[in-house]
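What follows is the residue order along each chain.
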Amino acid sequence: MMADYSLTSTGMIVRTADGAFIPPDSSNADHQAYVRWLGEGNTADPAEPPVPAIVAAALALLAGPVQVVSASVPAIDGAYPIDTATQMQITGIAAAIDAGFGLPSQAETFNWPDAANTARAWPAAQFSAFAKALMIFLYQAAQVAQGHSQTLPSATLALP
Amino acid sequence: MLRDFVEETASAPGTAATFNLAGALTGRVTFGSVFTSGALCFYYMDDGSQAEWGIGTFTSGAPNTLTRTTVLGNTAGTTARLNFTGTTRVYNEIPSARAIYADSNSRVTLPGDLVLNSVGGGQIGGFRNWLINGQMIFNQRGVSVAGGMPVSGGYSLDRWQVIYDGTGATHGVGQSTLANQSIQDLGLKQCASYSVTVAGSGNTVRQFRQPIESVFTGAGRTVTVSGYLWVQSGTQNVGVFLSQHFGSGGSPSADINTAAQTWAVTTTPTRFSATFNLPTVNGKVLGTNNDDTLIVVFTMPTGAATYQVNMTGMQFEIGPVVTPFEWRSIGTELELCLRFYQVQSQLQVAGYGNSSGGLVNIYPYNAMMRAAPTIALSSVVQTNANAQSVAYNNARLAAYQATVVSGPNFGAVSFTASMTAEFP
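If you're wondering where the values come from, they're calculated on a predicted model, not measured in any experiment.

1. Overview of the overall build of chain A
The helix and strand inventory of chain A stands at 4 helices and 8 strands. In terms of C-alpha radius of gyration, chain A reaches 24 Å, well past the compact-globule figure of 15 Å for 160 residues. Overall, the C-alpha framework of chain A stretches about 70 × 30 × 25 Å when taken along its three principal axes. Counting only residues that meet the buried cut, chain A has 41% of its 160 residues in that class. Contacts in chain A between residues at least 24 apart in sequence constitute 51% of all its contacts with a sequence separation of at least 6. A total accessible area of about 8600 Å² is found for chain A, and carbon and sulfur atoms account for 60% of it. Seen as two clouds, the 4 positive and the 12 negative side-chain charges of chain A have centres 2 Å apart.

2. Observations regarding the layout of surface pockets
Any empty space left between the atoms is revealed when a probe the size of a water molecule rolls over them. Taken as a whole, the largest pocket encloses approximately 990 Å³ of empty space. Its residues assigned to classes, the lining of the largest pocket comprises 17 nonpolar, 13 polar and 1 charged. One number sums up the size of the second largest pocket: a volume of about 680 Å³. Elements that contribute at least two residues to the lining of the second largest pocket include exactly helix H1 (29–39) of chain A together with strand E20 (374–383) and strand E23 (409–420) of chain B. No other element matches the 4 residues that H1(A) contributes to the lining of the second largest pocket. Residues of the lining of the second largest pocket, tallied by class, amount to 12 nonpolar, 7 polar and 6 charged.

3. What about the sheet that holds strand E8 (residues 170–177) of chain B?
All names here are of chain B. Pairing is antiparallel in the open sheet, where 5 strands are placed in the order E8-E9-E17-E11-E15. The sheet is open, and its two edges are formed by E8 and strand E15 (270–277), each paired on a single side. Strand-to-strand twist in this sheet, taken as the mean axis angle between neighbours without regard to direction, amounts to 30 degrees. With 8 bridges joining them, strand E11 (residues 222–231) and strand E17 (residues 307–318) adopt antiparallel strand pairing. Following the sheet pairing, Val 225 is matched in E17 by Phe 316.

4. What to know about the state of the cysteines
Applying the stated criterion across every chain, the model contains 0 disulfides over all chains. No disulfide involves B:Cys337; its sulfur sits 16 Å from the nearest other cysteine sulfur, which is in B:Cys191.

5. Let's talk about the side chain of B:Glu317
All names here are of chain B. Within the element layout of this structure, Glu 317 appears in strand E17. A distance of 2.9 Å separates polar atoms of two side chains, one belonging to Glu 317 and the other to Arg 128. At a separation of 3.0 Å, a polar atom in the side chain of Glu 317 contacts the side chain of Gln 315. The contacts of Glu 317, once residues within four sequence positions are left out, are Arg 128, Trp 130, Val 223, Thr 224, Ser 226, Val 322 and Thr 323.

6. Topic: the interface of chain A and chain B
Listed per partner, the contact involves 19 residues of chain A and 27 residues of chain B. Across the chain A/chain B interface, buried area totals approximately 1500 Å², and carbon plus sulfur atoms make up 52% of it. Ranking the residues of chain A by area buried against chain B places A:Phe21, A:Ser27 and A:Gln32 at the top, with a combined share of 33%. Of all the elements in the fold, those that place two or more residues in the side of chain A that touches chain B are strand E3 (21–22), H1 and helix H2 (53–62) of chain A.

7. Overview of the side chain of B:Ser193
Mapped onto the elements, B:Ser193 comes out in strand E9 (residues 190–198). At 2.7 Å, the side chain of B:Ser193 and the side chain of B:Asn310 are in polar contact.

8. A word on a nonpolar patch on the surface
Residue and element names in this part refer to chain B. On the surface, a nonpolar cluster with roughly 540 Å² of combined accessible area is contributed by Ile 100, Val 108, Leu 110, Leu 114, Leu 116 and Ile 124. Note that Leu 114 resides in the loop between strand E6 (87–91) and strand E7 (161–164). For Leu 114, a relative accessible area of 57% puts it in the exposed group.

9. Digging into the domain arrangement of chain B
A common way to state how big an interface is: give the accessible area lost once the parts meet. Partitioning chain B into domains gives domain 1 (7–98), domain 2 (145–337) and domain 3 (340–420). For domain 1 of chain B versus domain 2 of chain B, the distance between C-alpha centres works out to 58 Å.

10. A short note on the pairing of strand E12 (residues 236–245) of chain B
Two faces, one strand: in a regular strand the side chains alternate between the faces of the sheet. Residue and element names in this part refer to chain B. The buried fraction of E12 amounts to 9 of the 10 residues, a majority that puts the element mostly inside the structure. Where E12 meets strand E14 (residues 261–265), 5 bridges bridge the pair, whose relative direction is antiparallel. The residue bridging Asn 237 from the neighbouring strand is Ala 264, located in E14. Judged from the 7 bridges that link them, E12 and strand E16 (residues 293–299) form a sheet pairing that is antiparallel.

11. Section: the confidence of the model for chain B
In the predicted model, chain B carries a mean pLDDT of 95, and 100% of its residues have values of at least 70. The ipTM value of the predicted complex is 0.79, and its pTM value is 0.73.

12. What to know about the packing of aromatic side chains
Residues and elements named next belong to chain A. Scanning the model with the defined rule gives 25 aromatic pairs over all chains in all. Seen from their ring centres, Tyr 5 and Tyr 34 are 5.0 Å apart, and the 70 degrees between their planes marks the pair as edge-to-face. Taken together, the residues Tyr 5 in strand E1 (residues 5–7) and Tyr 34 in helix H1 connect sequence positions 29 residues apart. Here Tyr 5 and Tyr 34 have matching classes, each one buried.

13. A few points about the confidence of the model for chain A
Averaged over every residue, the pLDDT of chain A is 91; residues scoring 70 or more account for 98%. Looking at the elements of chain A, mean pLDDT is at its lowest for H2(A), recorded as 79, and at its highest for E3(A), recorded as 97.

14. Some details on the domain arrangement of chain A
According to the domain assignment, chain A contains domain 1 (5–39) and domain 2 (53–159). Its C-alpha centre places domain 1 of chain A at a distance of 45 Å from the equivalent point of domain 2 of chain A.

15. Brief notes about the packing of H2(A) against helix H4 (residues 124–145) of chain A
Residues and elements named next belong to chain A. Two elements in contact, H2 and H4, have axes separated by 8 Å at closest approach and are oriented at 150 degrees. Between H2 and H4, the interaxial angle falls into the category roughly antiparallel. Between H2 and H4 lies a crossing whose hand is left-handed. Contact with H2, carried on its side by Ile 54, Val 55, Ala 58, Leu 59, Leu 61 and Leu 62, involves Phe 137, Leu 138, Ala 141, Ala 142, Val 144 and Ala 145 of H4 and no other residues of that element. Per-class residue counts for the contact of H2 with H4 are 12 nonpolar, no polar and no charged.

16. A closer look at the environment of B:Asn237
Residues and elements named next belong to chain B. Note that Asn 237 resides in strand E12. Judged by relative accessible area, Asn 237 falls into the partly exposed class, the value being 47%. Sequence separation of Asn 237 and Val 309 is 72 residues, and the distance between their C-alpha atoms is 9.7 Å. Asn 237 has contacts with Thr 262, Trp 263, Ala 264, Thr 299 and Pro 301, leaving out every residue within four places of it along the chain.

The rules we used
- Residue positions are counted from 1 within each chain, in the order its sequence is given.
- Written order determines the labels here, with chains lettered from A and ligands numbered from 1.
- In keeping with the model being predicted, local features are shown solely for residues with a pLDDT of at least 70 and side-chain atom pairs are shown and tallied solely at 80 or more, while totals for entire chains, interfaces and linings include all residues.
- Calculation of side-chain values draws on the structure's entire complement of heavy atoms; hydrogens and water are dropped beforehand.
- Only DSSP runs of H or I reaching four residues or more are called helices, and only runs of E reaching two or more are called strands; each is numbered from the N terminus.
- Put simply, the radius of gyration uses C-alpha atoms, and a globule should come to 2.2 Å times the residue count raised to 0.38.
- The classification of residues rests on relative accessible area computed with a 1.4 Å probe and restricted to protein chains. Under 20% of the type maximum is buried, over 50% is exposed, and intermediate values are partly exposed.
- In what follows, residue pairs with any heavy atoms lying within 4.5 Å of each other are defined as contacts.
- Exposure was quantified through the Shrake-Rupley algorithm and a 1.4 Å probe, taking into account, for residues, occlusion by the shown protein chains and nothing else.
- A positive count includes Lys and Arg, and a negative count includes Asp and Glu. His and the chain ends are not counted in either.
- The atom standing in for a charge is NZ when the residue is Lys, CZ when it is Arg, CG when it is Asp and CD when it is Glu.
- A cavity, in this analysis, means grid points on a 1 Å lattice covering only the protein atoms where a 1.4 Å probe fits yet has no way out; a pocket is instead an open set bounded by protein on both sides within 12 Å along at least five of seven lines, and a residue lines either one if it has an atom within 4 Å of a point.
- Grid points are joined across faces, edges and corners, and a volume is the space filled by probe spheres set on the points.
- Think of it as three bins: nonpolar holds Ala, Val, Leu, Ile, Met, Phe, Trp, Tyr, Cys and Pro, charged holds Asp, Glu, Lys and Arg, and polar takes everything else, Gly as well.
- Should DSSP find at least two bridges between two strands, the strands are regarded as paired.
- Axes here refer to lines fitted to C-alpha atoms; in helices the fit is confined to the stretch in contact. Angles between the N-to-C directions go from 0 to 180 degrees.
- Sulfur atoms of two cysteines make up a disulfide when they are within 2.5 Å.
- Residues adjacent in sequence count toward polar contacts only when both atoms are side-chain atoms; beyond that, a polar contact is any pair of N or O atoms within 3.5 Å, and within protein one must be able to donate a hydrogen and the other to accept it.
- Accessible area that two parts lose when put together, evaluated with a 1.4 Å probe and summed over both, is termed the buried area.
- Patch membership requires over 30% relative accessible area and the absence of a salt bridge. Like charges are linked within 9 Å, and nonpolar side chains (Val, Leu, Ile, Met, Phe, Trp, Tyr) within 5 Å.
- We define a salt bridge as a contact between a side-chain nitrogen of Lys or Arg and a carboxyl oxygen of Asp or Glu at a distance within 4 Å.
- Start and end positions for the domains come from either an automated domain assignment or a database one.
- The predictor rates its confidence in each residue with pLDDT, a number between 0 and 100.
- Aromatic rings from Phe, Tyr and Trp, with only the six-membered ring used for Trp, were paired whenever their centres fell within 6.5 Å, and each pair was classed as stacked if the ring planes differed by under 30 degrees, edge-to-face if by over 60, and tilted otherwise.
- Here the angle decides the label: under 35 degrees means roughly parallel, over 145 means roughly antiparallel, 65 to 115 means roughly perpendicular, and every other value means oblique.
- Left-handed describes a crossing whose near helix is turned anticlockwise from the far helix by less than a right angle; the clockwise case is right-handed.

Next up, the structure:
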């Protein structure tokens, strides 16, 4: 349960009820209320420790987008979003390909939008490789974000 | 310059600049009994056939003398000293050239500079009304009767604080625009409406009040509180008293409250006033938090009463005389409000940075505030940046910070900041 107030690394005090920032100024009425609250034996929540840089970097990687570079189909090179909903779609299409259902277009390629929402023509082999590379990327970034690894994945996914 | 019943004789003063005074007429007093030596005084010299008037200088001695310092006029139509060869009456009266009177248009024109000790017992110039937003034109917090009452101790219209207790009430304070009210002709446009539609339970106090910065305000003086009040129906008693609050921190003196006075408020907008003798603060101890105040308190009906009291043109002035409501320019009035509460919209913390890189922007307030304010952020829009917060502030400015989400790239957070530095 959160306390009525929490501290910050800069000395400001955050009032839980409305998120207002209270300065450490004895003339400020809200700071006076905070001091009275402390005097009643209460304790403010501590300041959240700063996020380690490598963890912050991993979180930023997980926020996407990722860069794709293909050795044989340069038309699909570019930045692609990897938000949660998109990840589910990628996984679903890759599973369909592996199951022999073919591409969603039932043709040699299908349109998959990049981060700028430009349709790119993806062949099945490259999309399956994309799904696999993305799975590995997400796992490695999550390992760092969770503190289990110190090795960040590359934000560029190399595909055949 | 002027005393009562001063009249003496002089024996053949001639045209001499200085002549001897020969003593008072029966039933009159001498110049020497009411003027100190060297004092300037109006004089008239009259021998029954001619007269001279002006400003003289009285000098005590044996005998006392009067010097005709400035001749303002005479019956010859000049400003020369006339030749008085016989017994001459010399008296202290104001010449018409120096008299102040209301003319046929009831206007008073002064022949020279106006030197005043006070106006109505109060200050001569500057702001007579120590209340801010007395005409209820600023409502930066946007409170309304329908929106409910701010928390007890909170503020409603700019500078107006509410104090109450009890539970279960349906009540609120809002800003109303006057319609079909005679006081509109006085220039009053809006009012504060204090409404109780469901009394709830356990209510013993209801205050609508304004803390004036510094408990020294009016200390040891006679002061006057006034305002236009009316109710929606019936009659309600509204009380008014003053509270000298010596602040907090350290060991300040205890609050001193004057006795309350009561106004019987009806449906007709009426200007009420109350005069108080404020105790001196000499010998009192102020708190260390620099938050001492003189609080002008209006007490609303409590308990089971339901009503709506409307108020505007509220004034607190030093002196025993209620003077017309003081108009200040809208801009000036707003500046006074901003010292205690203000809102800045469309602020932005933006920049180019690496992932998780910090961004900081510093914004001065619209006006310097009473103290470093509490700041609440709202209407936040994040663009590749988050974790917006107030890193630092003082009474003049605030530094806001945010974090770039994914970089190197641009990130920005825009928001509205509400600052309050009101009194507790």
